[in-house]
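Descriptive structure summary
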Amino acid sequence: MTQKELNIIPEPVNISSKEGAFTLNEKTLILTDLKLKAIAEQLKQILLSTLGLNLVIKEGSQTKETNNIIILKTVKNEKQLNHEGYTLIVSQKRIEILAPTPNGIFYGIQTMRQLIPLKIIGTKNIGLKLSIPCVVIEDYPRFQCRGFMLDVARHFFEKDEIKKVLDFMALLKLNKFHFHLTDDQGWRVEIKKYPLLTEIGSKREGTIASQRSFRSNKKNKVPLDGIPVSGYYTQQDLRELIQYATERFITIIPELDFPGHTTAALAAYPELSCTGGPFKVSTRFGIHKEVLCIGKEKVFEFTQNVLNEIIEIFPSSIIHIGGDEAPKKRWKKCLDCQARIKDESLGSVENLQVYFTNRIADYLGSKGRQVIGWNEILNDKLNENAICHYWTMNLKQVLEHARLGRKVVMSEMSAVYLNYPYKIIPLERAYNYEPIPNELEAKYHDKILGIEACLWTEFVKNKKNLEWQAFPRLIAVAETGWTPKNKKNFKSFQKRLEKFNKWLDLFKVNYAKKEEYLL
Ligand code: ACM
Ligand code: ZN
């Protein structure tokens, strides 16, 4: 059997195919370490829901049984697999998933799932023979950060849809869900100290009617579609999502976008702006001139109070503070901002944003958290712990950041912004995007933490649209995040994707078809 016929996505590091097969049946026993019990339960649920097989789980490392067992076992890291790596051994007698950490065991299970013959997935027909081909797989990720960003500010997505996204991220071994929670068009996270953020900021009366008017100069005069948009996550909702993600070894990184993209927050608390408002939650898209006033101390009080609640909810060691597209027009004319520039010897309005970023980075640092922000946060004076999230334009500045030993996550807009139509970013383009820039010297390659696909939702109004934009391009990005560069191959990927689509069908995902994504 050749490697290709196994159809695993992401393609594993090492596959060695053997003769024969393991036969799963209702008598197969799952044998697990005590600390892997919850993962064993998940495996049991997967086999039950996809195959109708209800297997018994047995704890402990000793058993009389040597045949017809699936063993989940943490082992010393002799193979120097990185901490998400695993070994999967399928023989005729048993399946073994061995890893130094529970993360690795979980990923071994995701690979094993993909070895189940596809024609029987979802049939729940235990009369069929469930054969898993004998194989030895040794596997580990290329990058520690393999992410997906979803914008829930422009359009709101219910908890169940987020869970469905997390399920697929897990199957694809993606491990960071970047939750873009606030923007000009909506504030979508409950903050108990500032109730108006959601009372006012989570609702807008409509949205500009067409994509064409997005680019119109007559910004406030274009017609609205008359369809109100609202919704937010309570802190309880977020805890539930974090729990769900954690069980799938996914960290949720919250993004609160400051100091730009804050019109929804300013509609609720106009005193945080330079002019005092009033403002409305925005119904159009693009860059907005209203921003937080960096001259006013109460803006720092607000930001820190909001972040206090955010870090109470989100265990992520990294907090995204946005930082993109913050125009300086208001700061230039604001007396408070000008006083700040003078008092702090910032020199010019250009340095107001880094002053803000550094104060927030220091504050979060004092709480044991690290900031990440879009590449507009870059500045000679930037806090050395701040991580750069690259999306567009000044790659040179990003290279300098890496050469200073600082960290970067890559989301090149022209390759992995999944909101673009397939005509502009076909599947192959998304697949072939290489996160380590050519110009970066090898000794700095480890500063590139990984890759993240982003889905902005200005024109992604519902879950059908979301799934269409994300799949299959997110699957391509997942392979880039995991598979060694020299093992990637678009032809092979396409072949494997045809089989992977069976999983998408099973979970009723509205994915783009070949005619669409190969354009
Ligand atoms: C961005 O796309 N404004 C980060
Ligand atoms: Zn100001």
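Preceding this paragraph is the structure being described.
Residues numbered from 1 in each chain as written. Chains lettered and ligands numbered in written order. Predicted model: local features only at pLDDT ≥ 70, side-chain atom pairs only at ≥ 80, totals over all residues. Heavy atoms only, no water.

Some points on the packing of helix 16 (residues 473–482) against helix 17 (residues 490–506)
- Between helix 16 and helix 17, whose axes approach to 11 Å, the crossing angle comes to 120°. Taken as axis vectors, helix 16 and helix 17 run oblique relative to one another. Crossing hand, helix 16 versus helix 17: right-handed. For the pair formed by helix 16 and helix 17, the contact residues are Ile 475, Ala 476 and Glu 479 on the first element and Phe 493, Arg 496, Leu 497, Phe 500 and Leu 504 on the second.
- Across the contact of helix 16 with helix 17, the residue classes break down as 6 nonpolar, no polar and 2 charged. (Axes fitted to C-alpha atoms, helices over the stretch in contact; angles between N-to-C directions. Helix = DSSP H or I, 4+ residues; strand = E, 2+ residues; numbered from the N terminus. Parallel < 35°, antiparallel > 145°, perpendicular 65-115°, else oblique. Left-handed = near helix turned anticlockwise from the far one by under 90°. Contact = heavy atoms within 4.5 Å. Nonpolar A, V, L, I, M, F, W, Y, C, P; charged D, E, K, R; others polar.)

Remarks on the side chain of Arg 146
- Turning to its location among the elements, Arg 146 is positioned in strand 8 (residues 145–151).
- Given a relative accessible area of 1%, Arg 146 falls into the buried group.
- At 3.3 Å, the side chain of Arg 146 and the side chain of Tyr 107 are in polar contact.
- Setting aside chain neighbours within four positions, we find Arg 146 in contact with Glu 84, Tyr 107, Pro 141, Lys 173, Leu 174, Asn 175, Lys 176, Ile 451, Gly 481 and Trp 482. (Buried < 20%, exposed > 50% of the residue type's maximum accessible area, 1.4 Å probe, protein only. Polar contact = N/O pair within 3.5 Å; in protein donor to acceptor, adjacent residues only side chain to side chain.)

As for the side chain of Lys 296
- Tracing the chain through its elements places Lys 296 in the loop between helix 7 (263–268) and helix 8 (297–313).
- Relative accessible area serves as the criterion here: at 15%, Lys 296 is assigned to the buried category.
- Engagement of the side chain of Lys 296 in a polar contact is seen with the backbone oxygen of Ser 273, the distance being 3.0 Å.
- Sequence-distant contacts of Lys 296, defined by excluding residues within four places in its chain, comprise Glu 271, Ser 273, Cys 274, Cys 334, Asp 336 and Arg 340.

Some remarks on the pattern of salt bridges
- Tallying each qualifying case throughout the model produces 25 salt bridges.
- Put simply, Arg 154 and Asp 151 hold a salt bridge, and the shortest N to O gap is 3.0 Å.
- Of the residues examined, Arg 154 reaches a relative accessible area of 3% and is grouped as buried.
- For Glu 467, the salt bridge is made with Lys 164, and the minimal N-O distance between the two is 3.0 Å. Of this pair, Glu 467 sits in helix 15 (residues 463–470) while Lys 164 sits in helix 3 (residues 159–171); the two residues are 303 residues apart in sequence, bridging distant segments of the chain.
- For Glu 467, a relative accessible area of 5% puts it in the buried group.
- One network of salt bridges, in which partners are shared, links Asp 151, Arg 154, Asp 183 and Glu 458. (Salt bridge = Lys/Arg side-chain N within 4 Å of Asp/Glu carboxyl O.)

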